[in-house]
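Survey of secondary and tertiary structure
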Amino acid sequence: MEFADNQRPAEAPESQGLRLLELDKVLALVAEKAQTAAGREALAALRPTPGADLESLRKEYGRLAAWMELVRACGPLPLGGVEDLRPFLEIIRPEESWLPPRELLLVAATLKAFAGISAYARRVAAEEPDLYARVEELLGETVDFSPLLTLLESCISDEEELKDDASLELADIRRQLKATRQKLGHSLQEILRDPELEPLIQDKLVTIRNQRYVLPLKTNFRQAIPGIIHDHSRTRQTCFVEPLESVALNNRLALLLEEEKQEEINILKMLAGRSRQAAPELLAVLERALELDCLQARALFGLEQRAVTPELVETRDEGGFFLSQARHPLLVASLPADRVVPIDIEFPAGRFGLVISGANTGGKTVSLKTAGLIVLMARCALPLPVARESRVPLFAKVLAAIGDEQSLAASLSTFSGHLLAVRAILEEADSDTLVLLDELGVGTDPREGAALAQAVLAELKARRARFMVTTHYNDVKAWAYEEEGVASVAVAFDPESFRPLYHLQYGVPGLSNALKIAENLGFPLALVTRARSLLGADESRTADLAARLEKRLARLAEHEKELFHLKQAARIEAERARRLTAELRAARREVETGAREEIARLVREAKARFRERLRELEKAREEFEQARERLRSESGAEKETGTEPGASLGKLRGAYREACAEVEALLPENGDEALEAVDFSAFEVGDRVVAAGQREPVTIVELDPERRRLTVLFNGGLRAVLGPEKIVRHLPAVQEKPGSGERVRISRPAVAETPGRSGGLGATGAVPVLNLVGKRVDEAAEMLAGFIDREVLAGSDRVEIIHGHGTGRLRQGVWEILREMPYVSNLHHPDPAAGGAAVTVVELVGR
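Below you will find a few notes about this structure. These numbers were taken from a predicted model, which means no experiment stands behind them. (Residues numbered from 1 in each chain as written. Predicted model: local features only at pLDDT ≥ 70, side-chain atom pairs only at ≥ 80, totals over all residues. Heavy atoms only, no water.)

Overview of the overall build of the chain
For clarity, the cut-off: Secondary structure is summarised from DSSP: a helix means a run of H or I of at least four residues, a strand means a run of E of at least two, and numbering begins at the N terminus for each. Working rule for contacts: check all heavy atoms of both residues, and any pair within 4.5 Å makes them a contact.
Tallying secondary structure elements over the chain gives 22 helices and 27 strands in all. When contacts within the chain are restricted to residue pairs at least 6 apart in sequence, long-range pairs at least 24 apart make up 67% of them.

Now the structure itself:
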């Protein structure tokens, strides 16, 4: 569609939408929060991202949420003093270039600000380590600019001048300059003090002309003192003369000034060179600081507005979208919080439009602007003044026709200007567009205007665009009430006082209440009564019906609010009860775990002491055997030397086993009565569970939800299918601490146990069996010692050790341990059919 020259809209529809919705004013509020001039400029120039990518915006909102939390916990990042150094660094790119002291002072101030950023990061890392982990990437790596900062501060004073000690040469030149000026001053003061020359002097002072010290003489006597005339006053009454005796000193002074200037330039070039070397790091840190300034300004704006980082959805999302408790940001900024009434804008699946009606001053136009502005702010990644449960759409275009578009220059009436704006919107609208139309079709015959409005809305719906429209036309209200996919919405009014309540009521058309408002504004009662009598009977009946419906909706809204509060209170109580129950269970598990850990520690210490005592007795037995053999060989006869250490060793082992049994009796039982019921739905493949009658946990390898059965794997490879009633404890799996690589077990730690005698069917018959599959060699050593001692005392002559194939390390360790035991006479593997190298048969010698 082409526009004629006199019918072309003054601006593009999207630009018009930005202007009408006043996004620039919102951005100005955000820019006020920035601490740097560059940040303020960037925020003020911010525009909605064209074709905004949903994932990138979600990522940006994640960064914004983390920074809002950081500012709330630790205060804002100090960025005062950061200057945009990019123009300065561009100036000094060429070699031999330099910056004046004033610009170098700005560089130094920026370096100080960078040091402040590093200090802030260190403080956050120390005080809020979890929060720091979320923003560490944003803060970036610390760069140390202290050498450059120290150099700049040592060379430049706060008065924006190079210090005397900036270099040895400069210090020497300035000393000579000071001495030369003093000599000049003394020389000229002597001339001024000469009484014979007093009538010739215009003023008794030494002044400077053309960088040379001169005396002011009256013009009539300019030849009285031999010298050089450098200048005259404006009135020509005074001439400035350099006496001949001061020419040499003035020449000396001029040369020194030139040397001073050259030395200053040399120093400035050196400082520029150092800054040039650090330019890449400076630019990187500067870019990050300016980016953080913009991010922090948005975070501060969000905290001030009590805004949130919302859930973003595609405009074509089947779940629809809604803005819950939406507030206009400019109203939030200008009014007390209790005077800003939030509204709910609902577009469930299948809804394309809202037709908002009701009396003037009720908030219809503000509702349109609130919706459009929030969508635009979302595309700018700004925090939004909505409730957290809102689902905010990302429309590619927001097109608006709001207010009076009259143009006298273009000879356009209000209605013509409005139609041109609507026509331009129809040119652009598609399924990814939000259209906002205020008083569609107004300014002409009501019947024709209403018909045109219905046709425009039907066209927008056919294009699957989303639209919000305000109207006073009853025909448009009726169309919205009957049309599928369009909702009729009223701005709420108090049914008694007819004061606006500023929220929206869905499913009912709003009354314009023009006559009631006129009466409230002081119109003569007779005039209002006459106006009512001129209304048709149908219109009066419709108005009365709508008024009664509005009152009923107001009562229903109150009931819904009360029901909501009751449900919320019930949810809070249920959550509190659940939390208390969980805390009680956790406390019980903690106490139980603490007791088991303490007992386990005592058992480990007792075992360690016992093993040490055993080693001493074993050593004593060996020494006893050696001594007896020596005596036997020397005397040729066997002599009894008292009780054999082996007997003491056996008695000690027996006493130790009795003590272990007593300790195990003190441990909490694993029986069903001491455990909470397990939930089958909580089981997952790979979880560990304890089956009834077992002390060692087993692993779930398969789940059958229909039959409510789980297949578990016992140590040694045995599988079994169990019902949930056979499970007495569900142990969480081993997990890894995030970012640490350390593996931790969430379940209660098991106490080290001394296995009991396990008779059963072994690989070579009914013999005691010890299963060491999954154990480490040091764990196996403990278990083997106890097992062999117990079976020797029990009179067993053969046992079996199951260690599996694995890498062979456990088998090798088991054999090395068994070979050192005095009660073991033979070791061998059974036939492959009976387990082969996965099992070791141990033949024992009784004592």
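Next comes the rest of the account.
Quick word on the side chain of Thr-238
Heads up, the rule is: Exposure classes here rest on a 1.4 Å probe applied to the protein chains alone. A residue is buried below 20% of its type maximum, exposed above 50%, and partly exposed in between.
Note that Thr-238 resides in strand S4 (residues 238-243). A relative accessible area of 8% means that Thr-238 is categorised as buried. Ignoring sequence-local partners within four residues, the contact set of Thr-238 consists of Gln-202, Pro-216, Leu-217, Thr-219, Asp-231, His-232 and Ser-233.

Some remarks on the packing of helix H2 (residues 23-31) against helix H11 (residues 279-305)
Convention followed: An axis is simply a line fitted to the C-alpha atoms; with a helix, the fit covers only the stretch in contact. Between two such axes, the angle follows the N-to-C directions and lies from 0 to 180 degrees. Throughout this description, any angle smaller than 35 degrees is read as roughly parallel, any larger than 145 degrees as roughly antiparallel, any in the 65 to 115 degree range as roughly perpendicular, and the remainder as oblique. Any residue outside Ala, Val, Leu, Ile, Met, Phe, Trp, Tyr, Cys, Pro, Asp, Glu, Lys and Arg is labelled polar, Gly included; the first ten of those are nonpolar and the last four are charged.
Following both chains from N to C, one finds H2 and H11 inclined at 105 degrees, their axes separated by 8 Å at the closest point. When the interaxial angle is binned, H2 and H11 end up roughly perpendicular. Across the interface between the two elements, Val-26, Leu-29 and Val-30 of H2 pack against Ala-297, Arg-298 and Phe-301 of H11. Looking at the contact of H2 with H11, its residues break down into five nonpolar, no polar and one charged.

Points about the packing of aromatic side chains
Quick note on the threshold: What counts as a ring pair is set by centres within 6.5 Å for rings of Phe, Tyr and Trp (its six-membered ring), and what kind of pair is set by the plane angle: stacked under 30 degrees, edge-to-face over 60, tilted for all other angles.
As enumerated under the stated definition, the model contains four aromatic pairs in all. Look at Phe-321 and Phe-395: their rings are 5.6 Å apart centre to centre, the planes differ by 85 degrees, and that puts the pair in the edge-to-face class. Separated by 74 residues along the polypeptide, Phe-321 in strand S6 (residues 321-326) and Phe-395 in the loop between strand S9 (391-393) and strand S10 (397-401) bring together distant segments of the chain. With respect to burial, Phe-321 and Phe-395 carry one shared label: buried. Site record: aromatic cluster; members linked through ring pairs are Phe-321, Phe-347 and Phe-395.

A word on the environment of Ala-326
If you trace the backbone, Ala-326 turns up in strand S6. In this structure the C-alpha to C-alpha distance between Ala-326 and Val-341, which are 15 residues apart in sequence, comes to 8.6 Å. Those residues within four positions of Ala-326 in sequence are excluded, and the remaining contacts are Val-341, Pro-342, Ile-343, Thr-370, Ile-374, Pro-385 and Val-386.

Details of the packing of helix H9 (residues 168-193) against helix H10 (residues 247-277)
How we decide: Handedness of a crossing follows from how the near helix is turned relative to the far one, being left-handed for an anticlockwise turn of less than a right angle and right-handed for a clockwise one.
Viewed as axis vectors pointing N to C, H9 and H10 meet at an angle of 155 degrees, and their least axial separation amounts to 9 Å. Classified by the angle between their axes, H9 and H10 sit roughly antiparallel to one another. Between H9 and H10 the crossing geometry is left-handed. Contacts from Glu-169, Leu-170, Ile-173, Arg-174, Gln-176, Leu-177, Thr-180, Arg-181, Lys-183 and Leu-184 in H9 reach Leu-249, Asn-250, Arg-252, Leu-253, Leu-256, Leu-257, Glu-259, Glu-260, Glu-263, Glu-264 and Ile-267 in H10. Its residues placed into classes, the contact of H9 with H10 shows nine nonpolar, three polar and nine charged.

Considerations on the side chain of Thr-433
Rule in force here: Nitrogen and oxygen atoms within 3.5 Å of one another constitute a polar contact, given that in protein one can donate a hydrogen and the other can accept it, and given that sequence-neighbouring residues count only through two side-chain atoms.
By the element assignment, Thr-433 lies in strand S11 (residues 433-437). The class of Thr-433 is buried, set by a relative accessible area of 0%. In this structure the side chain of Thr-433 is engaged in a polar contact, spanning 2.7 Å, whose partner is the side chain of Asp-430. With residues near it in sequence (within four places) discarded, Thr-433 still touches Phe-395, Lys-397, Leu-399, Glu-428, Ala-465 and Arg-466.

Some points on the sheet that holds strand S3 (residues 227-232)
So the rule is basically this: Whether two strands pair comes down to DSSP finding at least two bridges between them.
With antiparallel pairing, the four strands of this open sheet are ordered in space as S1-S2-S4-S3. Either end of the sheet is taken by a strand with one partner, and the two such strands are strand S1 (207-209) and S3. Within this sheet the neighbouring strands show an average axis-to-axis angle of 50 degrees, counted without direction. Looking at chain direction, S1 and strand S2 (residues 212-218) are connected through three bridges and run antiparallel.

Some details on the nonpolar core
Here is the rule we go by: For our purposes a nonpolar core is just a set of buried Ala, Val, Leu, Ile, Met, Phe, Trp, Tyr and Cys residues, chained together by side-chain atoms within 4.5 Å.
Formed by 110 residues in total, the largest nonpolar core has its most connected members in Trp-67, Leu-111, Phe-114 and Met-468. Tallying contributions element by element places H11 first for this core, with 12 residues. For Trp-67, the contacting residues outside a window of four places in its chain are Leu-77, Val-135, Leu-138, Leu-139, Leu-292, Leu-295, Gln-296 and Ala-299. Membership of the second largest hydrophobic core comes to 23 residues, among which are Val-456, Leu-460, Val-476 and Trp-479.

A word on a negative patch on the surface
So the rule is basically this: The patch calculation keeps residues exceeding 30% relative accessible area without a salt bridge and links them within 9 Å when they carry like charges or within 5 Å when they are nonpolar (Val, Leu, Ile, Met, Phe, Trp, Tyr). Each accessible area value is a Shrake-Rupley result obtained with a 1.4 Å probe; residue values ignore everything except the protein chains displayed when judging cover. Any carboxyl oxygen of Asp or Glu within 4 Å of a side-chain nitrogen of Lys or Arg constitutes a salt bridge here. Here the positive residues are Lys and Arg and the negative ones are Asp and Glu; neither His nor the chain ends is included. Positions of charges follow a simple convention, taking NZ of Lys, CZ of Arg, CG of Asp or CD of Glu.
A cluster of acidic residues, Asp-158, Glu-159, Glu-160 and Glu-161, forms a negative patch at the surface. With respect to the helices and strands, Asp-158 occurs in the loop between helix H8 (146-155) and H9. We classify Asp-158 as exposed; its relative accessible area is 73%.

Observations concerning helix H22 (residues 809-819)
Turning to H22, its buried residues number three or more, namely Leu-810, Gly-813, Val-814, Trp-815 and Leu-818. In the core, the buried residues of H22 are packed alongside helix H21 (777-794), strand S25 (798-802), strand S26 (824-828) and strand S27 (839-844).

A short note on the pattern of salt bridges
Here the structure, examined in full by the defined rule, presents 29 salt bridges. With a shortest N-O distance of 2.9 Å, Glu-260 and Arg-174 are connected by a salt bridge. Pair noted here: Glu-260 is in helix H10 and Arg-174 is in helix H9, with a separation of 86 residues, a long-range link. Residue Glu-260 is classed as buried on the basis of its relative accessible area, which comes to 15%. Residues joined in a network through salt bridges with shared partners are Glu-60, Arg-63, Glu-291 and Arg-298.

Looking at the pairing of strand S13 (residues 486-493)
Counting buried positions along S13 gives eight out of eight residues, so the element sits mostly inside the fold. Pairing of strand S8 (residues 353-357) with S13 involves five bridges; the strand directions are parallel. Within S13, the residue paired with Ser-357 across the bridge is Ala-490.

Observations regarding the sheet that holds strand S16 (residues 698-704)
The antiparallel open sheet is built from five strands, whose spatial order is S18-S17-S16-S15-S19. Bordering the open sheet on either side are strand S18 (719-722) and strand S19 (727-731), each of which pairs with just one other strand. Shown here is a sheet whose adjacent strand axes are inclined to one another by a mean of 40 degrees, direction ignored. By the bridge criterion, four bridges tie strand S17 (residues 709-713) to S18 in an arrangement that is antiparallel. Bridging from a neighbouring strand, Leu-710 pairs with Leu-722 of S18.

Examining unusual backbone geometry
Backbone geometry at Glu-96 places phi at a positive 70 degrees, although glycine is not the residue there. Looking at the secondary structure, you find Glu-96 in the loop between helix H5 (86-91) and helix H6 (101-127). Relative accessible area serves as the criterion here: at 55%, Glu-96 is assigned to the exposed category. Non-glycine residue Glu-439 carries a positive phi angle of around 55 degrees.

Things to note about a nonpolar patch on the surface
A surface patch of nonpolar side chains, amounting to about 330 Å² of accessible area, comprises Leu-521, Phe-523 and Leu-527. Assignment of secondary structure puts Phe-523 in the loop between helix H17 (514-520) and helix H18 (525-534).

Details of H2
Stated formally: Directions pointing from the helix axis toward each C-beta atom define the arc.
Residues Leu-23, Val-26, Leu-27, Val-30 and Ala-31 constitute the buried set of H2. In an axial view of H2, the angular spread of the buried residues amounts to 140 degrees, which keeps them on one side of the axis. At its buried positions, H2 is contacted by helix H1 (13-21), helix H3 (37-44), H11, helix H12 (329-334) and helix H13 (364-379).

Spatial relationships are all this shows, so hold off on functional conclusions.
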